[in-house]
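Fold and geometry: a report
Take a look at the letters that make up each chain.
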Amino acid sequence: MPLMEVKNLTKRFGGLIAVNDVSFSVKEGEILSIIGPNGAGKSTLFKLISSFLPATSGQVIYQGEDITSMSPHLVARKGIIRTFQETTIFRNMTVIDNVVVAHHLQSKASLLGFFFGSPAARSDEARFRESASEILDYLGLQDVKEMKASTLPHGYLRALGIAIGMAARPKLLLLDEPFAGMNSDETAHAMQMVRGIRDRGVTVLLVEHDMSAVMNISDRIVVLNFGKKIAEGEPAAIQSDEAVIEAYLGREDEEVGY
Amino acid sequence: MKLKKIALAALFLLVYLVVIPLAFKSKTYFLGVLTTASVLSVISAGVWLIFYIGRINMGQGGFALVGGYASAILISRLGCSFWTSLVGAIIVTVLISILIGMPLLRLKGVYFSMITLSLTETARLAAQCFPALTNGPKGILNLPLPGALTIGGVTLIPDFATVDKHLALYYLGAFLLIVVFAVLYRIVNSRLGWLFRSLQQNEDLASSFGVNVPRLRVIALAICAAFAGVGGAFFVTMQQSIYPASFTFQDSTNFLLYCFLGGLGSVWGAIVGTFVLFISFEMLQGFNQYQPLIYSLIMIGLMLWLPNGLMSLKLPWLRNRFFCVPDPQDEGKEER
């Protein structure tokens, strides 16, 4: 059984069909990339899966359960955690505090327990700090732990976003353009990071523009164009797929001869 | 650091609970002003908490009015004691806040503020339009002072009629202020505070790692309303009367200003703001028609020189661990 299945998912914004009858499945332990030209509906698809947008029709089945249009926090509780395209972080907190807060789901204490400082709440606190520290070390953020997030150099922000996602102990991590705006060294490092996350037993679904990175890192690729899925398969197959080349480069007009 | 904090708290309590009552024992007017400042701080604390989750509550006067009426009706019509009515006022305001909070808190930013703006007016009109319950525009008058509070045969608090009324009310106000701010401090410094801060900074990010954002927002509003209920009930007993205009839109704005000018980064901002502004307003009474003018100038000055509130005054012993210094980027916008 696949970890997650997307069935005939459609999203309309008025007259615009942003995602049109898209179906694919995600196997446990793989890195699956969603690519496509600008405006192909990748980010919308992402928001539909993580329930940040309600779907017009179709289903998202996760571990055999229909999670379509559930509240985002409930989807997160099931183990599907998304990161954000923009550098969305808690700017006024320190780096480590960002990650500590994100451990929310592992909390054993109740809200009243927090208030009265029950033993469970205190042990949570210590556990989260330790785990946050470990995640930051792992993602190479050990030197900036105590820095305020808003003062962090740009290169670290995306790693922090991923650290926040990791803190929630995802089974399926949705990464929104993790390599955008990086130079080749940084991309190589980030790719290493994503592979490492997969090796920790997390299935990774990513939306990305950087073709060489996608070809390099993905086990499988889903290609979207104008909201429709036009291809799905392993990187080598995608690279030679007619429809994909057409979507990215355009088609030769045979009559005119160009 | 910790010792300094304790020393500071002890000093504050000494002045607040011993020095002031001794010094102003005979000046009942000024003692009354301080008591009012205490109760207004309690109500402002709720507004501060809503600021803390990233919303602006312009309807706190409405909640205070509801709390006040709940207490007054319980006392005058059902013959409850002040102490029972205080609990009743909290229950009523919390229930109402949950009921209206669930739909209203879906609104963000200015939309939430605009709709809460109408709450005070709604509460006032409701009080006017149900004379069977609220006695309409005439209000509920001649409420008794709090009676004795006896639990298990032990008199915890004597009947207010048998002691110095002004001093007793001052101490009751002080007690409520200390309890409410202890609760607020505890909220902010526990993991609840972390969650509220995460809502303040980015609700989407918070829900992405499983925080039930709508529920938490309603909880914050319920706490806010409970503070208004406490404050409203006490205010009514202090005045021994309540009218539909006891808390107006003007008061809602004032609570907002007290928090804003006191400082949103620190729990104590709401107290400092309320005491400084409310007392300075009262002290300007002598200037007659110039009172609002001078008061406004003070507020404008505060906004210009201390845009982050009175608590951002660079006094080393006032620094709070959770003082949220604004982003350098945002600061750049403010400095021309």
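Note that the coordinates shown come from a computational prediction; the quantities given were computed from them, not determined experimentally.

Side note on the interface of chain A and chain B
Quoted interface sizes are often the accessible area lost when the parts come together. The partner chain B presents 21 residues to the 27 residues of chain A that form the contact. Those elements that provide at least two residues to the side of chain A that touches chain B are α2 (72–78), β6 (80–82), α4 (111–116), α5 (119–138) and α6 (154–167) of chain A. No other element matches α2 of chain A, which puts 4 residues into the side of chain A that touches chain B. Here the residues of the side of chain A that touches chain B are counted per class, giving 17 nonpolar, 6 polar and 4 charged.

Quick word on the domain arrangement of chain A
Residue and element names in this part refer to chain A. Parsing chain A into structural domains produces domain 1 (1–79 + 172–258) and domain 2 (88–169). Across the contact, 8 residues belong to domain 1 and 8 residues belong to domain 2. Those elements that provide at least two residues to the side of domain 1 that touches domain 2 are α2, β7 (172–176) and α7 (184–199). At 3 residues, α7 tops the list of elements feeding residues into the side of domain 1 that touches domain 2.

Observations regarding the sheet that holds strand β4 (residues 57–62) of chain A
Strand pairing in a sheet relies on backbone hydrogen bonds, with the paired strands running either antiparallel or parallel. All names here are of chain A. An order of β2-β1-β4-β5 is seen for the 4 strands of this open sheet, with the pairing classed as antiparallel. Looking at strand neighbours, the two that pair on one side only are β2 (16–26) and β5 (65–66), the edges of this open sheet. Sheet topology places strand β1 (residues 4–13) next to β4; 5 bridges connect them, and they run antiparallel. Among the inter-strand pairings, glutamate 5 is bridged to a residue of β4, identified as isoleucine 61. Contacting β1, β2 and β4, helix α1 (residues 42–49) crosses the sheet at an angle of about 65° to β2.

Regarding unusual backbone geometry
With the exception of glycine, most residues fall at negative phi, and the peptide bonds are largely trans. One non-glycine residue, serine 69 of chain A, lies in positive phi territory at about 55°. Its place among the elements puts serine 69 of chain A in the loop between β5 and α2. Using a count of 14 C-beta atoms within 10 Å as the deciding quantity, one classes serine 69 of chain A as partly exposed. Notably, asparagine 288 of chain B is not glycine yet its phi reads approximately 50°, a positive angle. Relative to the helices and strands, asparagine 288 of chain B resides in the loop between α12 (269–283) and α13 (291–305). Assessed through the 7 C-beta atoms surrounding it within 10 Å, asparagine 288 of chain B is described here as exposed.

About the cut-offs
Residues numbered from 1 in each chain as written. Chains lettered and ligands numbered in written order. Predicted model: local features only at pLDDT ≥ 70, side-chain atom pairs only at ≥ 80, totals over all residues. Contact = placed C-beta atoms within 7 Å. Helix = DSSP H or I, 4+ residues; strand = E, 2+ residues; numbered from the N terminus. Nonpolar A, V, L, I, M, F, W, Y, C, P; charged D, E, K, R; others polar. Domains from an automatic or database assignment. Pairing = 2+ DSSP bridges. Axes fitted to C-alpha atoms, helices over the stretch in contact; angles between N-to-C directions. Buried ≥ 20, exposed ≤ 12 C-beta atoms within 10 Å, placed from the backbone.

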